[in-house]
Amino acid sequence: MTYHPPLAEMQRLAAQLGHHWLADTARYAEATDETRAAVLDEAARLATEVIAPTNRVGDLHPARLENGIVRTSPGFAAAYRAIAEGGWIGMNAEPAHGGMGLPQSFAVMVGEMFASANLSLSLCQVLSQGQIEALEHHAAPELQARYLPMLTSGRWTGTMNLTEPQAGTDIGSLRTRAEPQGDGTYRITGEKIWISWGDHDVAENVVHLVLARLPGAPAGPGGISLFLVPKVLPNADGTLGARNGVSVVSLEHKMGIHGSPTCVMAFAGATGWLVGEENKGLACMFTMMNNARLQVGVEGVAIAEAATQAAQDWAMTRVQGQTTDGSTTIIGHGDVRRMLMQMKAQTRVARAIAYDCAYALDLAKAGEAAATRAAAARRGAFLTPIAKAYGTETGIEVANLSVQIHGGMGYCEETGIAQYLRDVRITAIYEGTNGVQAMDLVGRKLTGDGGATASALLAEIAATVDVLRDPRHDGAHHTDARALAAALSKAEGVTRWMLTHEARDRAAAATPYLRMLAITLGGHYLARAAIDGGPTEQALAAYWCTQMLPRAHAEAQAATAGADQLFALDAATLTATV
C-alpha cells in the first residue's frame, strides 16, 4: 500500500476556512501561505519516505516487554528520531523552550499525514505535544525550564496517566496516592492501566503526568491533583540520574495499533512534582486531554484518507464482473461508486470540522481583541467534541467501506486493509469515548453560554444558504440550497429543544444531536467549496446534499424523542436473555 498526502486538498481547505488571516496576527505573523506550503511539503516527504514504511511492520511485529524494558517495533526508533530531529514534536510549542511557535492548525495538518502513515507511531508525538501544552499552562517555571526543552526536542517523551482498573471514565474514583515529602516532592504510589507509550526505547526518558490524591483530599473529582513523574530522575545539570520508582507491569494485547505499547504502569513510591494547584489536577489534565481529543479526531480523518486511497487504487485495478459503463474494473459498478463517493465526502467533512476547530483555537491565542479571543475559544471548545466524535466515526465507517470494496481480499490480512479498521477502532474509545464527547457537547458546551456559540455556528450555515441562493449563480446551487436550508431548520429546532429540556432528555439526545450538527456542517463546508470549486467539489456537494443530509433529519427525530423510550424497560428486563 502507498500513501499520498492530499496536499492540494489541505491547502484548498485552509484557504476556504480563512487560515491565511493568522498571518495578520502578531503571534503568528510567520504563518503565511508560503510557510504552510513549505511545512506541509517537508512533512509529506517524511510521512511517505520514512514513517509509512514502518506501518505494516508495527502491525506484524508488535511492541514487546523484555526484562522490564519495552522494545518497540523494528524501524520505529529510527523513524521517531527523524520526527524529533526535524523539530516536528515542538512545532507549535513556545519558542522560549525550543519550539517553533507555529499555529495549532499547522500541527493538525502535519499530524494527519503522520497518522495516515503510521497511527501507532504518531501517538507518541501526539502525547508529547499534549503534555507540552499542559506544562506550558500549569507547571511552575522551574519544572518548565527543566522538562519543556527536553520534551520539545523529542529527547524525552510524555504520557498521561488517568485510568485505573476501577476508574475508567469515572476518574473521580481513582486511588493512586501522593504523599508530600517536605522538600517539594511527592511519593506517588498506585497502578495505572492503558497508558499509551508508557515505556519504550525510542527516546532517552519518559515523563508521566499522573493523577493522584493527596492525604485528606476531598472524595471525587474535586480531590484529584496532577503530578509530573519521570521514568529516570534528572540531575541538577540536566543529565539523567537514578531510575525512578516507575515500572511496566505488562503490555496490553490489543485489537489494533500493535506498534503502540499500551502499558500497565506501577508507581511504587516514585518521586513526583505537583503540577498546578492541589486538588485542581483534573482541570490541568484537561488541557492535555482537549489537545489530544482534537488530534484523535484527526487520527480518524487520517485513517479515512489512507483507507480511501487504498480503495480507490483497488477499484481501478480489480477486474470483477460486467459493469454498466463498460469499464473492465469494479470502478464501473454503481455500488462501488456509491461507497467511494461516501468515503471521499465523509473524509473531507471530518477534515473540515477538525481544521475549523484548530483555526478557532489558534485565534483564541492570537486574536488582537479580547472579544475575538473569547469567541474563538468558545467556538473551538464547541467544535472539539464534534471533531473528535465525528472524525473517529468517519474513520471507522470509511475503513469498513474500504474492506468492503476490497471484498474477500480486504478481510485477509496480507492486503493490510484490515489493519486500518483494527487500528482506527480505538479512536472512538480513548481520550473520552464518543458518548462522553456528545455528553460534553450538550452538557457543557451548548448550555454553558445559553446556546450562543451554537447559534453563531448555525448563523454561518444560514449565510452559506444565502450565498447558494444568490441570483448571480443562475440557480446552479438551488438544489443544494434547499437541502441545506431544510437540514439547518431541523438543527435550529433541535437546538432550541435541547436548551429547554431537562438534563435527562439532553443526555438521551446527545449522540444524535452531535451527529446531526456534524452532518449539517458537512453540507455547509462542501457547499462552500462547490461555489468556487471544480467538478469534484460540485459533485461531492451534490452527493452530500441528496444522500447524506437526509441523515440529519433522522438524527433530529431521534434527538427529540426524549429519554422515556430508552428507559421503557427496567435494567433487568433490558438485559434478560429471551
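Please refer to the structure higher up on the page.
The text that follows walks through the structure, step by step, so that each part is easy to find. Values in this document were obtained by computation on a predicted structure and should not be read as measured data. (Residues numbered from 1 in each chain as written. Predicted model: local features only at pLDDT ≥ 70, side-chain atom pairs only at ≥ 80, totals over all residues. Heavy atoms only, no water.)

1. So, the overall build of the protein chain
The condition that has to hold: Counting from the N terminus, the helices are the DSSP runs of H or I reaching at least four residues and the strands are the DSSP runs of E reaching at least two. Think of it in three bands: residues with accessible area under 20% of the maximum for their type are buried, residues over 50% are exposed, and the middle band is partly exposed, with areas taken using a 1.4 Å probe on protein chains only. Whether two residues are in contact is decided by their heavy atoms, any of which lying within 4.5 Å being enough.
The secondary structure content of the protein chain amounts to 18 helices and 11 strands. Taken along its principal axes, the extent of the C-alpha atoms in the protein chain is 75 × 65 × 55 Å. Split into buried and exposed, the 578 residues of the protein chain put 56% on the buried side. Contacts in the protein chain between residues at least 24 apart in sequence constitute 74% of all its contacts with a sequence separation of at least 6.

2. Focus: the pairing of strand 9 (residues 240-243)
What counts is decided by this rule: Strands qualify as paired when DSSP identifies two bridges or more between them.
Inspection of the sheet shows strand 8 (residues 232-234) paired to strand 9 by 2 bridges, in the antiparallel sense. The residue of strand 9 that forms the bridge with Val232 is Arg243. Taken together, strand 8 and the strand that follows it, strand 9, pair antiparallel across an intervening segment of 5 residues, in which Gly238 is found at a positive phi of about 95°.

3. Regarding helix 13 (residues 434-445)
Given 3.6 residues to a turn, an α-helix orients residues that are three or four positions apart in the same direction. Buried within helix 13 we find Asn434, Gln437, Ala438, Asp440, Leu441, Val442 and Lys445. Here the buried face of helix 13 lies against helix 8 (281-317), helix 10 (370-406), helix 15 (478-499) and helix 16 (503-532).

4. Comments concerning the pattern of salt bridges
Put simply, the rule reads: Salt bridges are defined by distance alone: a side-chain nitrogen of Lys or Arg within 4 Å of a carboxyl oxygen of Asp or Glu.
Scanning the entire structure with this criterion turns up 29 salt bridges. Ionic pairing is found between Glu164 and Lys192, a salt bridge with its closest N-O pair at 2.9 Å. Taken together, the positions of Glu164 in the loop between strand 3 (156-161) and strand 4 (177-180) and Lys192 in strand 5 (residues 186-196) put the pair 28 residues apart, joining distant regions of the chain. Accessibility classification places Glu164 together with Lys192 in one group, the buried group. Counted as one network, the salt bridges with shared partners bring together Glu9, Arg12, Arg348 and Glu537.

5. Focus: the side chain of His97
The residue His97 is located in the loop between helix 4 (76-85) and helix 5 (104-117) in this model. Once residues lying within four places of it in the same chain are set aside, the contact partners of His97 are Gln144, Leu148, Pro149 and Thr152.

6. Looking at helix 10
Which entries qualify depends on this criterion: Expected helix span is taken as 1.5 Å per residue step, with the number of steps being one fewer than the number of residues. In this analysis the local bend is the angle between axes fitted, respectively, to the seven residues ending at and the seven residues starting at the residue.
Compared with the 54 Å implied by 1.5 Å per residue over 37 residues, the 52 Å span of helix 10 between its first and last C-alpha is a close match. If you look at helix 10, its biggest bend is around 30°, right at Leu383, and the proline Pro385 turns up within four residues after that. Residue Gly407 follows helix 10 closely and has a positive phi angle near 65°.

7. Details of the side chain of Asp199
Stated precisely, the cut-off is as follows: We call two N or O atoms a polar contact when they sit within 3.5 Å, provided that within protein one can donate a hydrogen and the other can accept it, with sequence-adjacent residues counted only if both atoms are side-chain atoms.
Among the structural elements, Asp199 can be located in the loop between strand 5 and strand 6 (205-212). Polar contacts involving the side chain of Asp199 include one to the side chain of Lys231, which spans 2.7 Å. Those residues within four positions of Asp199 in sequence are excluded, and the remaining contacts are Gly68, Ile69, Val70, Val206, Lys231, Val248, Pro261 and Cys263.

8. Quick notes on unusual backbone geometry
It is generally the case that most residues other than glycine have a negative phi and that most peptide bonds are trans. Positioned with a positive phi, Asn67 is a non-glycine residue whose angle comes to about 55°. Residue position: Asn67 is located in the loop between strand 1 (64-66) and strand 2 (69-71). Its identity as a non-glycine residue notwithstanding, Ile257 has a phi of 35°, on the positive side. Relative to the helices and strands, Ile257 resides in the loop between strand 10 (246-251) and strand 11 (262-275). The buried category is assigned to Ile257, whose relative accessible area is 3%.

9. Considering the packing of helix 10 against helix 16
As a reminder of what qualifies: For helices, the fitted axis covers only the stretch in contact; all axes are lines through C-alpha atoms, and the angles between them, taken along N-to-C directions, range from 0 to 180 degrees. Working definition: roughly parallel below 35 degrees, roughly antiparallel above 145 degrees, roughly perpendicular at 65 to 115 degrees, and oblique for all remaining angles. Gly falls in the polar group here, along with every residue not listed as nonpolar (Ala, Val, Leu, Ile, Met, Phe, Trp, Tyr, Cys, Pro) or charged (Asp, Glu, Lys, Arg).
Their axes nearest at 10 Å, the elements helix 10 and helix 16 cross at an angle of 85°. If you check the angle between helix 10 and helix 16, you find them roughly perpendicular. Note on element contacts: helix 16 touches helix 10 through Leu514, Arg515, Leu517, Ala518 and Leu521, opposite Phe382, Leu383, Pro385, Ile386, Ala389, Tyr390 and Glu393. Here the residues of the contact of helix 10 with helix 16 are counted per class, giving 10 nonpolar, no polar and 2 charged.

10. Some remarks on the environment of Thr185
Relative to the elements of secondary structure, Thr185 occurs in the loop between strand 4 and strand 5. On the basis of relative accessibility, which here comes to 13%, the residue Thr185 falls in the buried class. Between the C-alpha atoms of Thr185 and Leu517, which are 332 residues apart in sequence, the distance is 46 Å. Sequence-distant contacts of Thr185, defined by excluding residues within four places in its chain, comprise Glu179, Pro180, Thr271, Gly272 and Trp273.

11. Brief notes about the environment of Gly154
For Gly154, the position within the fold is in the loop between helix 7 (141-153) and strand 3. Here the alpha-carbon distance between Gly154 and Gln129, two residues 25 residues apart in the chain, equals 9.7 Å. Not counting the four nearest positions on each side in its chain, Gly154 is found in contact with Tyr80, Ala84, Ile89 and Ala203.

12. Focus on the packing of helix 13 against helix 16
In contact at an axis separation of 8 Å, helix 13 and helix 16 are set at 95° when each is read in the N-to-C sense. Put simply, helix 13 runs roughly perpendicular to helix 16. For the pair formed by helix 13 and helix 16, the contact residues are Gly435, Gln437, Ala438, Met439, Leu441 and Val442 on the first element and Arg506, Ala507, Ala510, Thr511, Tyr513, Leu514 and Leu517 on the second. When the residues that make up the contact of helix 13 with helix 16 are grouped by side-chain class, the tally is 9 nonpolar, 3 polar and 1 charged.

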